[in-house]
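Next come the chains, spelled out residue by residue.
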Amino acid sequence: MITSLRACLALTLVACAAPASSAPATPSPIAPVGLDATEQAIAHAVDGEAAAALALLEQIVNINSGTMNFEGVRQVGGVLRAELDGLGFATRWVDGAPFGRAGHLVAEHAGAGPRVLLIGHLDTVFEPTSPFQRFERLSETSARGPGVIDMKGGDVIIVHALKALKAAGVLDRLTIAVVMTGDEEHAGEPQAEARRALIEAAKGAVAALGFEDGDGDPHTANIARRGASSWTLRTTGTPAHSSQIFRDEVGAGAIFEAARVLEAFRVKLSTQRYLTFSPGVMLGGTATMLDAPNNQGTASGKNNVVAKDVVVQGDLRTLSLEQLAAAQATMREIAAHSLPHTHSTIELADGYPPMAPTEGNRRLLALYDAASRDLGLGPVVAVDPSKAGAADVSFVANLVPMALDGIGMAGADDHTDKETADLRMLAPLTKRAAVVLYRLARAR
Ligand SMILES: [Zn+2]
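Residues numbered from 1 in each chain as written. Predicted model: local features only at pLDDT ≥ 70, side-chain atom pairs only at ≥ 80, totals over all residues. Heavy atoms only, no water.

(A) Quick peek at the sheet that holds strand S7 (residues 205-210). In space, the six strands of this open sheet follow the order S1-S2-S6-S3-S7-S16, with mixed pairing throughout. The two strands at the open ends of the sheet, each matched to only one other strand, are strand S1 (90-95) and strand S16 (402-404). When the angles between neighbouring strand axes are averaged without regard to direction, this sheet yields 15°. Here strand S3 (residues 115-121) pairs with strand S6 (residues 175-181) via seven bridges, running parallel. Paired with Ile 119 across the strands is Val 179, a residue of S6. The sheet strands contacting helix H4 (residues 70-86) are S1, strand S2 (103-109) and S6, and the helix crosses S1 at an angle near 165°. Its contacts with the sheet put helix H5 (residues 152-167) on S3 and S6, and the angle it makes with S3 is roughly 145°. (Pairing = 2+ DSSP bridges. Helix = DSSP H or I, 4+ residues; strand = E, 2+ residues; numbered from the N terminus. Axes fitted to C-alpha atoms, helices over the stretch in contact; angles between N-to-C directions. Contact = heavy atoms within 4.5 Å.)

Here's what the structure looks like:
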């Protein structure tokens, strides 16, 4: 008797929760199989808003928001801010002047449940000078456009998942923070300033969800991302006639010293799983001049003069902070043992920290995978971290018990003028996100 009463209530809830003002609901391609009544209401609400979600995506893709087009980034932020204002969020714009960028959109919604952080970004790699500027519908099921998957599609999923929670009457069961950065593709400096708002928003959160497009496959998500930082090696030698090289008073010169250091890096560090480093540019000779911001430089020297200076710049990618610290210590150690009459210094810069594959991240993936299966959308597995670059979630992954990324829009070819979204996945991915949020609220 209790069971049938519950079923009856459940049916009533589904009927009541469908938003009255929306367009007729498009039926889901696959019937939901394991959802409770509220979750079914959430799924219906997403379907009811499918046309509006697509219109929002088209609208914001058509606003150029290359990272350095501050006005465009603010404009995209303004459109999404209005959507979040409409859901009752307290929104604010974080001015990007202190870090040389447009700024970030931050939105908060206080509720009875645990705090969850949702991460998007407003910028794209396509500046106003790019020929790739418009949303273009390729077929019934696909559209091409700058940022359509990276990650304006993800931003729309965030907004519409929250809308569905509101429509189902459960938005206030969580405390939600949304941060959409304006400089993910080309982060401002200093980094501590540029990521302050994101890091602040993560404090006290039980989970951080990043809506990057990941590898574009809706059946994968990121529980780990390698970090990316940089290093600069400078070596000096004693200039002398080349005929005297290797003699006690002259030594090996700066170029041999640089070769020693780089070869030792390769020998000692190149076989570690998930660790990579690559010298990207090298200048050496009697005089070198590196123009680091523009990734270029000049070098001059003569065959008959022992080299005086070398500068090398490279990257370093690791899966965990421990692996990063150990690799950096090895690099310092190698640099410290210079050849006679030479000297090496290595500068290790901060970059994107790694998002390590923690147990908590696996738990969140399991929750997301279960939601996907229950929605009839199939399983979701973890991406191989050697294929996952750094992203904004990496800045907060070490601060929260659970983090997951790459749950944004499906498609292919981001960062190219073929960037294409699989529009069939917009509603299903929105449902998955919304159901996971609802279950996070229940799981406390
Ligand atoms: Zn992105």
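(B) Quick look at the nonpolar core. Counting 76 residues, the largest nonpolar core has Leu 118, Leu 162, Val 178, Leu 209 and Leu 440 as its most contacted members. Top contributing element to this core by residue count: helix H12 (residues 426-442), with 11 residues. When neighbours within four sequence positions are excluded, Leu 209 is seen to be in contact with Val 116, Leu 117, Leu 118, Ile 119, Leu 364, Leu 404, Ile 407, Leu 437 and Leu 440. Listed in part, the 21 residues of the second largest apolar core include Phe 277, Leu 316, Ala 327 and Met 331. (Core = buried A, V, L, I, M, F, W, Y, C linked by side-chain atoms within 4.5 Å. Buried < 20%, exposed > 50% of the residue type's maximum accessible area, 1.4 Å probe, protein only.)

(C) Quick look at unusual backbone geometry. Look at the link from Asp 150 to Met 151: it is a cis peptide, with omega at -10°. Tracing the chain through its elements places Met 151 in the loop between strand S5 (142-144) and H5. Along the chain, Glu 189 connects to Pro 190 via a cis peptide bond; the corresponding omega equals -5°. Even without glycine at this site, His 341 takes up a positive phi of about 60°. Structurally, His 341 can be placed in the loop between helix H9 (321-336) and strand S14 (343-352). Judged by its relative accessible area of 40%, His 341 falls in the partly exposed class.

(D) Region of the structure containing the sheet that holds strand S4 (residues 136-137). One open sheet accounts for four strands, arranged S4-S5-S18-S17; its pairing is antiparallel. Two strands in the sheet have a free side with no partner beyond their single neighbour: S4 and strand S17 (411-412). Direction of pairing for S4 relative to S5: antiparallel, over a ladder of two bridges. In the strand pairing of S5, Arg 137 is matched with Ala 143.

(E) Broad picture of the pairing of strand S9 (residues 227-236). Taken across its 10 residues, S9 has seven buried, putting it largely inside the fold. When S9 meets strand S13 (residues 309-318), the two strands line up antiparallel, connected through 10 bridges. Its bridge partner being in S13, Ser 230 is matched across the sheet by Asp 315. Pairing of S9 with S14 involves eight bridges; the strand directions are antiparallel. From the neighbouring strand, Thr 236 faces S14, where its bridge partner is His 343.

(F) Examining the side chain of Ser 65 more closely. Mapping Ser 65 onto the fold places it in the loop between helix H3 (50-61) and H4. Here Ser 65 falls in the buried class, since its relative accessible area comes to 1%. When neighbours within four sequence positions are excluded, Ser 65 is seen to be in contact with Gly 72, Val 73, Val 76, Leu 122, Asp 123, Thr 124, Phe 126 and Lys 152.

(G) Looking closely at the confidence of the model for the protein chain. Mean pLDDT over the protein chain: 92, with 92% of residues reaching 70 or higher. Across residues 1-29, where pLDDT falls below 50, the model places 18 contacts with residues more than four positions away in sequence or in other chains. (pLDDT = per-residue confidence, 0-100.)

(H) Spatial organisation of H9. A rise of 1.5 Å per residue sets the reference length of H9, with its 16 residues, at 22 Å; its end C-alpha atoms lie 22 Å apart and thus fit the reference within 8%. Listing the buried residues of H9 in full gives Gln 323, Leu 324, Ala 327, Gln 328, Met 331, Ile 334 and Ala 335. The buried residues of H9 occupy one face: seen down the axis, they fall within an arc of 130°. Summarising the geometry of H9, the exposed residues directed more than 90 degrees from the buried face are Glu 322 and Ala 336. Taken together, the buried residues of H9 touch S9, helix H8 (253-269), strand S10 (276-285), S13 and S14. (Expected span 1.5 Å × (residues − 1). Arc of directions from axis to C-beta.)

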